[in-house]
Amino acid sequence: MFFTRPIKYSNSMNKDVALVLSGGGARGIAHIGVIEVLEENGHNITSVAGTSMGAFVGAVYSAGKLAEFKDWLINIDKLEIVKLIDFSFSTLGFIKGDRLFAELRKFIPDTNIEDLPISFKAVATDIMNRREIVFEQGSIFDAVRASISIPSVFAPVKTATTMLVDGGMVNNLPLDRVKRNEGDILIAVDVVANVPYYEEVPLDEEKHKGKIQRFKNYFDEKKSKNISTKINNFEILDKSINLMIEQLVKAKVKEHQPDVFVQVSQDASGLFDFFKAEHIVNIGRRIAQEQLDHFDN
């Protein structure tokens with residue numbers, strides 16, 4: 001059942017949550033902080049719908065692996081994550097992703113979505129048939145793999161009749177896909193929001209200096225004119241896509257109004273700033289707590 005109007009509650013009422021998580025690359029790490037704050041405030045997440053990085057974090061949470069995934073991200077330099085990036089000169093994507101997705105399987109076990117303890121849905125885009133695809137059964141990893149296939153970065157997931165890419169192309173904040181239960185709270189998290197960014201959670205530049213240098217050294221070693229051009233072009237594409245997504249999200253929020261709307265500025269992080277994981281988690285925590293305090297009062 002889907003509810004399209006806000007469901008207000010008081011502290012004495014049900015604190016079950018239907019959670020919607022947007023895409024946004026590394027910015028989606030903020031979802032981890034939001035989920036932590038929800039649980040710390042006594043909320044019970046009963047269903048999740050996500051797109052791209054939102055689908056990934058939602059899947060990891062639904063599989064009970066969020067704490068391990070957060071620890072892995074925060075220690076990303078020690079685990080030399082950059083070495084998992086296998087460049088490709090294919091026209092379909094400049095990162096093969098084989099090594100990276102093999103590593104990510106550790107956090108998303110081979111489980112069917114319908115067997116998860118909470119309801120989970122992931123959104124992808126079928127560019128061959130020009131339609132939205134919603135995964136609510138079958139392999140959870142396959143669903144996430146399709147949902148996070150950013151065009152021009154990762155090769156699409158192909159079958160005989162479909163070609164699946166990032167769900168953000170059609171529904172970056174899938175408010176209309178999350179399972180609703182009577183009396184629950186609809187909470188949405190948009191990590192590419194067009195809102196001002198205030199540095200209230202300062203970045204420890206000294207702490208991140210080593211991580212930044214390792215990334216730079218690795219890319220310098222692998223750099224070629226072709227790869228550098230693709231990366232620069234994708235930065236332009238990312239800004240263009242964000243502009244398109246903004247309009248789609250506005251329409252979706254107007255139609256399916258969330259009770260709590262956590263908006264993380266798209267300027268809080270770059271698309272690939274995974275080395276700032278701890279910083280981005282804390283941004284999510286701060287904004288989520290502010291919104292919950294405001295809503296409860």
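Below or above, wherever it landed, is the structure these notes cover. Numbers given to residues run from 1 along each chain, matching the order in which its sequence is written. Local features in a predicted model are, by the rule used here, given only for residues with pLDDT of at least 70; side-chain atom pairs are given and counted only at 80 or more, and totals for whole chains, interfaces and linings are based on all residues. Excluded from the side-chain calculation are hydrogens and water; included are all heavy atoms of the structure.

A word on helix α5 (residues 140-147)
Summary of the burial criterion: residues with accessible area below 20% of their type's maximum are buried, those above 50% are exposed, and those between are partly exposed, where the area comes from a 1.4 Å probe applied to protein chains only. Helix and strand labels come from DSSP, where a helix needs a run of H or I of at least four residues and a strand needs a run of E of at least two; each type is numbered from the N terminus. By the criterion of burial, α5 is predominantly enclosed, with seven of the eight residues buried. For α5, every residue scored as buried is listed here: Ile140, Phe141, Ala143, Val144, Arg145, Ala146 and Ser147. Side-chain atoms alone can form a polar contact between residues adjacent in sequence; in general such a contact is a pair of N or O atoms within 3.5 Å, and within protein one must be able to donate a hydrogen while the other accepts it. For α5, the N-terminal cap is Ser139; the gap from its side-chain oxygen to the backbone nitrogen of Phe141 is 3.3 Å.

Focus: the packing of aromatic side chains
Only Phe, Tyr and Trp rings are paired, with Trp represented by its six-membered ring, and only when their centres lie within 6.5 Å; those with planes under 30 degrees apart are stacked, over 60 edge-to-face, the remainder tilted. Under the definition given, this model contains four aromatic pairs. Between Trp72 and Phe107, the ring centres sit 5.2 Å apart and the planes meet at 45°, which makes this aromatic pair tilted. Of this pair, Trp72 sits in helix α3 (residues 66-74) while Phe107 sits in the loop between α4 (98-104) and β4 (119-126); the two residues are 35 residues apart in sequence, bridging distant segments of the chain. Linked through ring pairs, Phe56, Phe69, Trp72 and Phe107 together constitute an aromatic cluster. Sitting over the face of the ring of Phe141, Arg105 holds its NZ or CZ atom 3.9 Å from the ring centroid. In our convention, an over-ring charge means Lys NZ or Arg CZ found within 6 Å of a ring centre and within 35 degrees of that ring's normal.

Structural notes on the nonpolar core
For our purposes a nonpolar core is just a set of buried Ala, Val, Leu, Ile, Met, Phe, Trp, Tyr and Cys residues, chained together by side-chain atoms within 4.5 Å. Leu19, Ile29, Ile45, Phe56, Phe69, Phe120 and Phe135 are the most contacted members of the largest nonpolar core, which totals 65 residues. A total of eight residues in this core trace back to one element, the largest contributor, which is helix α8 (residues 277-296). With sequence-adjacent residues up to four places away left out, Phe69 is seen in contact with Ile32, Met53, Phe56, Val60, Leu104 and Phe107. One finds Ala49, Leu173, Val178 and Val192 within the second-largest nonpolar core, a separate group that totals 14 residues. When checking whether two residues touch, look at their non-hydrogen atoms; a contact exists if any pair is within 4.5 Å.

As for the pairing of strand β9 (residues 185-193)
The buried count for β9 comes to nine of nine residues, which makes it a mostly enclosed element. In this scheme, strands are said to pair when DSSP sees at least two bridges between them. The sheet contact formed by strand β1 (residues 16-21) and β9 spans five bridges and is parallel. Paired with Ala18 across the two strands is Leu186, which belongs to β9. Sheet topology note: the β9/strand β10 (residues 260-265) ladder contains five bridges and is parallel. The residue bridging Ala193 from the neighbouring strand is Ser265, located in β10.

Focus on the pattern of salt bridges
Between Lys or Arg on one side and Asp or Glu on the other, a salt bridge is scored when a side-chain nitrogen of the former is within 4 Å of a carboxyl oxygen of the latter. Tallied over the full model, the rule gives 13 salt bridges. For the salt bridge of Glu136 with Lys121, the shortest nitrogen-to-oxygen distance reads 3.7 Å. You can see Glu136 sitting in the loop between β5 (131-135) and α5 and its partner Lys121 sitting in strand β4, a full 15 residues away along the chain. With a relative accessible area of 46%, Glu136 lands in the partly exposed category. Where Arg180 meets Asp184, a salt bridge forms, and the shortest distance between an N and an O atom there is 2.5 Å. A relative accessible area of 4% places Arg180 in the buried class. What emerges from the salt-bridge pattern is a single network uniting Glu36, Glu40, Lys70 and Arg285.

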